[in-house]
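One-letter residues, chain by chain:
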Amino acid sequence: MNNTKANLLFVLAMALFAVQDLFVKRLTVHVPASEVIFFLGLGAAIIFAAIALRTGKTLFPPISVYPLLYLRTVSEAFCAIFIITSLSTVPLATFATVFQAVPLVVTMGAAVFLKEQVGWRRWLAIAVGFCGVLMIIRPGSSGFDSATLLVLAAVLAISVRDVISRRLPVELPSSVVSFQGFAALIVAGPVLGLVLQQNPVQPTAGQWGYLASTVGLGVVGYAAMIVAMRIGEVSALAPFRYSRMVFSMGLGILLLGERPDLMTYAGAALIIASGLYTYLRERRLNKRAALIIAAGPL
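Residues numbered from 1 in each chain as written. Predicted model: local features only at pLDDT ≥ 70, side-chain atom pairs only at ≥ 80, totals over all residues. Heavy atoms only, no water.

Asks: An account of the overall build of the protein is needed here, citing residue identities and associated values.
Replies: Helix and strand counts for the protein stand at twelve helices and zero strands. When the helices and strands of the protein are read in sequence order from the N terminus, they spell out α-α-α-α-α-α-α-α-α-α-α-α. For 298 residues, the compact-globule estimate of 2.2 N^0.38 gives 19 Å, and the C-alpha radius of gyration of the protein, at 20 Å, lies within 12% of that figure. Along the longest, intermediate and shortest principal axes, the C-alpha atoms of the protein span 70 × 55 × 35 Å. (Helix = DSSP H or I, 4+ residues; strand = E, 2+ residues; numbered from the N terminus. Rg over C-alpha atoms; globule rule 2.2 N^0.38 Å.)

Asks: Lay out the nonpolar core with the relevant residues and their values.
Replies: Ranked by size, the top nonpolar core spans 59 residues in total, and within it Ile37, Ile83, Ile84, Phe95, Val98, Phe99 and Phe179 carry the most contacts. For this core, the element with the most residues is helix α2 (residues 33-54), which contributes nine residues. With residues up to four places along the chain from it excluded, the contact list for phenylalanine 95 reads Asp21, Ile83, Ser86, Leu87, Val90 and Val151. (Core = buried A, V, L, I, M, F, W, Y, C linked by side-chain atoms within 4.5 Å. Buried < 20%, exposed > 50% of the residue type's maximum accessible area, 1.4 Å probe, protein only. Contact = heavy atoms within 4.5 Å.)

Asks: Hey, could you go over the side chain of glutamine 207 for me, with residue numbers and the actual values?
Replies: Here glutamine 207 is to be found in helix α9 (residues 205-231). Residue contacts for glutamine 207: discarding those within four places in its chain leaves Leu27, His30, Val31 and Gln202.

Asks: Could you give an account of a nonpolar patch on the surface, naming the residues involved and the relevant values?
Replies: Among the surface-exposed residues, Val187, Val191, Val195 and Leu196 lie close enough to one another that they form a single nonpolar patch of about 370 Å² accessible area. Its place among the elements puts valine 195 in helix α8 (residues 174-196). (Patch = residues over 30% accessible without salt bridge, like charges linked within 9 Å, V, L, I, M, F, W, Y side chains within 5 Å. Areas by Shrake-Rupley, 256 points an atom, 1.4 Å probe, with all protein chains shown as cover. Salt bridge = Lys/Arg side-chain N within 4 Å of Asp/Glu carboxyl O.)

Asks: Give a detailed account of the packing of helix α4 (residues 92-99) against helix α6 (residues 120-137), specifying residues and quantitative values.
Replies: When two helices pack together, their arrangement is given by the angle between the helix axes and by the axis-to-axis distance. One way to put it is that α4 packs onto α6 with a least axis distance of 10 Å and a crossing angle of 165°. In terms of orientation, α4 and α6 fall into the roughly antiparallel class. At the point where α4 passes α6, the crossing takes the left-handed sense. Residues Thr94, Thr97 and Val98 of α4 touch α6, and the partners they reach there are Val133, Ile136 and Ile137. Of the residues that constitute the contact of α4 with α6, the class distribution is four nonpolar, two polar and no charged. (Axes fitted to C-alpha atoms, helices over the stretch in contact; angles between N-to-C directions. Parallel < 35°, antiparallel > 145°, perpendicular 65-115°, else oblique. Left-handed = near helix turned anticlockwise from the far one by under 90°. Nonpolar A, V, L, I, M, F, W, Y, C, P; charged D, E, K, R; others polar.)

Asks: Tell me about α6, and name the residues and values.
Replies: In a regular helix each residue adds 1.5 Å, so 18 residues correspond to 26 Å; α6 covers 26 Å between its end C-alpha atoms and thus fits that length. Within α6, burial applies to Arg122, Ala125, Ile126, Gly129, Gly132, Val133, Ile136 and Ile137. Each buried residue of α6 lies within a common arc of 125° when the element is viewed along its axis, so the set occupies one face. (Expected span 1.5 Å × (residues − 1). Arc of directions from axis to C-beta.)

Asks: Can you break down the pattern of salt bridges residue by residue, with the values?
Replies: This structure, assessed with the given rule, holds five salt bridges. A salt bridge links aspartate 21 to arginine 244; the shortest N-O distance between them is 2.9 Å. Linking aspartate 21 in helix α1 (residues 3-27) with arginine 244 in helix α11 (residues 243-255), this pair joins segments that are 223 residues apart in sequence. Judged by relative accessible area, which is 4%, aspartate 21 ranks as buried. A salt bridge links arginine 72 to glutamate 76; the nearest nitrogen and oxygen atoms lie 3.3 Å apart. Separated by four residues within a single helix, arginine 72 and glutamate 76 lie in helix α3 (residues 67-89), roughly one turn from each other. Summarising the burial analysis for this pair, arginine 72 and glutamate 76 share the class buried. Shared partners join several salt bridges into a network, and the residues in it are Arg72, Glu76, Arg161 and Asp162.

Here you go:
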């Protein structure tokens, strides 16, 4: 394990994802979200298909053998729809802070649907994290923006995807899983366009540059994250996930003129604190379980 190198790669991935979010937000000012989803899926799917085929992998394994793979693919389509639509409608800082609730929802989903053991301390941390979310979106107040519900839908969709991912067979190559995830966007984009009656536009040269950069940032960020998770301890990487929020808030403040208020900062602090506690508690319990197994029967 090389945790130092892994941590640096993981932070790099989070920075690239934050810049990708910024590019998506700027793109969707002039290009419909459905079109951005389509081209993002097309570009990344071609890259991961080439990687998979070069190593002799099958892009579409039998659904009867890998039903969870295709369920994950469908959930990926909903992830893209809600993420890109919410990026087009809410401030980048709001999206970034609420999005950090994903690990909490994944923990809750794993407990409810996968029957993983979650004690009262982690349930309390989840509740505190959701209080932080409520502080940011403030339902029922004059400052409530209904568009923030799209961010909550994105959090739910990506949490469903991640819970399913926990049960994917280990023999499934990451390139195939990634290809199918991005291929789903090729279908999701036009479907969203039909539902919202969004007419496609001809991107300008600058917008094509943004689209190409968005694809490149996503692919490189994904690759850096995968390498980090393979050479370092996943539990050691967990706290660095929140660096994405720092990068996104910084980009929003510096380049978009956003000014998060004190309540947003306080809510973000609660989400981060509860998320870190959940990670640390889970890591401690895993270590304790490993020591018990290593000790063997008395």
